[in-house]
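Chain by chain, the residues:
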Amino acid sequence: MEKKPHFVRREFLPREVPSISLALLLAVVLLLNALLYLYLNKFYSSLGRVETDPGLCPFGHFKFGAVKNCSPWLSCEAINREVRKLKCVGEGAVKKVFLSEWKEKKVVLSQLANSELKEDFLHGLKMLKALQSKHVVRLLGYCEQQFTILTEYHPLGSLRGLNETLHIPKYKGMNTWHRRLMLAIDYVSVIRYLHSSPLGTLVMCDSNDLDKVLSQYLLTSDFHVLVNDLDALPLVNRSAGRLVKCGHRELRGEFVAPEQRWPYGEDVPFQDDLMPPYDEKTDIWKIPDVSNFFLGHVEGSDIVRLHLFDIHAACKKKDPAERPSAQEVLDTYRKVLTLLIREAAMPGTREML
């Protein structure tokens, strides 16, 4: 006789998450949020520190290296007596630049290269003195009579060498979307500072192509951006009806803003006196192209570009009046950084929940 199989009925109790596990999970979420808050608070505090006092020194003084006390800018006599040239490291239309030494520290000595450009050199010195801040290379001394300027030395050089620097083993850990976006934020912070400077609204005119822009800025050893060349910073004064023109020659190419190009077509020869002036929104037009260089092609950089798409599209509006201000661009960059850091910190937690 065939036996019938016996089925044992089992009761499956609903699975419940122990309260202690849930509490632990919530604690992890709160801890991550607290750490993120502390990090962003520290980051924004560094962004918001006093603009006009990089070394907590009064005007006409500087603090150098690990020295705690402020020293007055070096005079002609002090520069001639204490500064020793080591080698020429660069030469432009206005200045010849020498790596030099002062009290066993590396410094940069800049001297007039073309006597016809004295006014440009002196304008750059005037700007350097007036705009000392966390955004501007530190002035150590000058001698107007000898057309000499002494500034702090930054061994990583200009931003033109950024990608090469990031491939050096020592700095490979910096080659991330996060660090690159922070450099772009530094750059936009400089533009915002120039547009709302103590002297008024200044336009960065030495910026007719990407390579020229990058040559105007330095990369510090702790990976921040400083503006270094201030020879061409004309002032916009809307209340007085004063706009600017960057030089007296025709500008071409897609890098410069539309209003900087000759508006009367190929059939009409360029004439400087017929060229309409413009304002600081030319700097805004160039931000997306410079930021694209900063972001590079590392993992995550395309996601950053996606988040910046709308603000960059606004920067490229043909009508300058429709472009955002540098402050609006900076605010957007900071919001994107905050959002992406939060998303990077929390994905595992979201899945657990």
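Residues numbered from 1 in each chain as written. Predicted model: local features only at pLDDT ≥ 70, side-chain atom pairs only at ≥ 80, totals over all residues. Heavy atoms only, no water.

Student: Let's hear about the overall build of the protein: which residues, and what values?
Tutor: The secondary structure content of the protein amounts to ten helices and eleven strands. The proportion of buried residues among the 353 residues of the protein is 43%. Residue pairs in contact within the protein that sit at least 24 positions apart in sequence constitute 64% of those at least 6 positions apart. Accessible surface for the protein amounts to roughly 20,300 Å². Of this, 55% is attributable to carbon and sulfur atoms. (Helix = DSSP H or I, 4+ residues; strand = E, 2+ residues; numbered from the N terminus. Buried < 20%, exposed > 50% of the residue type's maximum accessible area, 1.4 Å probe, protein only. Contact = heavy atoms within 4.5 Å. Areas by Shrake-Rupley, 256 points an atom, 1.4 Å probe, with all protein chains shown as cover.)

Student: Help me get a handle on the nonpolar core, residues and values and all.
Tutor: The biggest cluster of nonpolar side chains holds 73 residues, and the ones touching the most others in it are Leu131, Leu181, Tyr187, Tyr217, Phe294 and Tyr333. With residues near it in sequence (within four places) discarded, Leu181 still touches Leu295, Val304, Leu308, Tyr333, Val336 and Leu337. Counting ten residues, the second-largest nonpolar core is a separate cluster that includes Cys205, Val236, Leu251 and Val256. (Core = buried A, V, L, I, M, F, W, Y, C linked by side-chain atoms within 4.5 Å.)

Student: Please give an account of helix H3 (residues 118-130) that cites residues and values.
Tutor: Here H3 spans 18 Å end to end across 13 residues, near enough to the 18 Å set by a 1.5 Å rise per residue. Here H3 has its buried residues at Phe121, Gly124, Leu125, Met127, Leu128 and Lys129. At its buried positions, H3 is contacted by strand E4 (95-102), strand E5 (105-112), strand E6 (139-143), strand E7 (148-152) and strand E8 (201-202). (Expected span 1.5 Å × (residues − 1).)

Student: If you had to explain the environment of Leu235 to someone new, which residues and values would you point to?
Tutor: If you trace the backbone, Leu235 turns up in strand E11 (residues 235-236). Separated by 33 residues in the primary sequence, Leu235 and Leu202 have C-alpha atoms spaced 4.7 Å apart.

Student: An account of a nonpolar patch on the surface is needed here, citing residue identities and associated values.
Tutor: Together, Tyr264, Val268 and Leu274 give the surface a local cluster of nonpolar side chains, amounting to about 250 Å² of exposed area. Structurally, Leu274 is set in the loop between E11 and helix H7 (281-295). The class for Leu274 is partly exposed, based on a relative accessible area of 41%. (Patch = residues over 30% accessible without salt bridge, like charges linked within 9 Å, V, L, I, M, F, W, Y side chains within 5 Å. Salt bridge = Lys/Arg side-chain N within 4 Å of Asp/Glu carboxyl O.)

Student: Talk me through the packing of aromatic side chains; I want residue IDs and the actual numbers.
Tutor: Summed over the entire model, instances satisfying the criterion amount to twelve aromatic pairs. Through a chain of ring-to-ring contacts, the aromatic side chains of Tyr187, Tyr217, Phe293 and Phe294 assemble into a single cluster. Positioned over the ring face of Phe98 is Lys85, at 4.1 Å from the centre of the ring. (Phe/Tyr/Trp six-rings, centres within 6.5 Å; stacked < 30°, edge-to-face > 60°. Lys NZ or Arg CZ within 6 Å of the ring centre and 35° of its normal.)

Student: Account for the sheet that holds E4, naming residues and giving values.
Tutor: Whenever strands of a sheet pair, they do so through backbone hydrogen bonds, lying parallel or antiparallel. Overall, antiparallel pairing links the five strands, which are arranged E3-E4-E5-E7-E6 in an open sheet. Each edge of the open sheet is held by one strand with a lone partner, namely strand E3 (83-91) and E6. Across the sheet, the axes of successive neighbouring strands diverge by a mean angle of 25 degrees, strand direction being ignored. Contacting E4, E5, E6 and E7, H3 runs over the sheet at an angle of about 40 degrees to E7. (Pairing = 2+ DSSP bridges. Axes fitted to C-alpha atoms, helices over the stretch in contact; angles between N-to-C directions.)

Student: Please provide a residue-by-residue account of the state of the cysteines, values included.
Tutor: This model, assessed by the stated rule, comprises three disulfides. Note on cysteine connectivity: Cys205 is disulfide-linked to Cys246, with sulfurs 1.9 Å apart. Around the S-S axis, the bridge from Cys205 to Cys246 shows a dihedral of about -75 degrees and counts as left-handed. A residue pair is termed long-range when its members are at least 10 positions apart, and Cys205 in the loop between E8 and helix H6 (210-215) and Cys246 in the loop between E11 and H7 qualify at 41 residues. Assessed through its relative accessible area of 8%, Cys246 is described here as buried. Cysteine pairing for the protein (bonded cysteines numbered in sequence order): 1-2, 3-4, 5-6. (Disulfide = S-S within 2.5 Å.)

Student: If you had to explain unusual backbone geometry to someone new, which residues and values would you point to?
Tutor: Of note in this structure, Glu104 is not a glycine but carries a positive phi near 65 degrees. Along the chain, Glu104 turns up in the loop between E4 and E5. Even without glycine at this site, Phe147 takes up a positive phi of about 50 degrees. Locating Phe147 in the fold gives a position in the loop between E6 and E7.

Read these as spatial facts, not as claims about activity.
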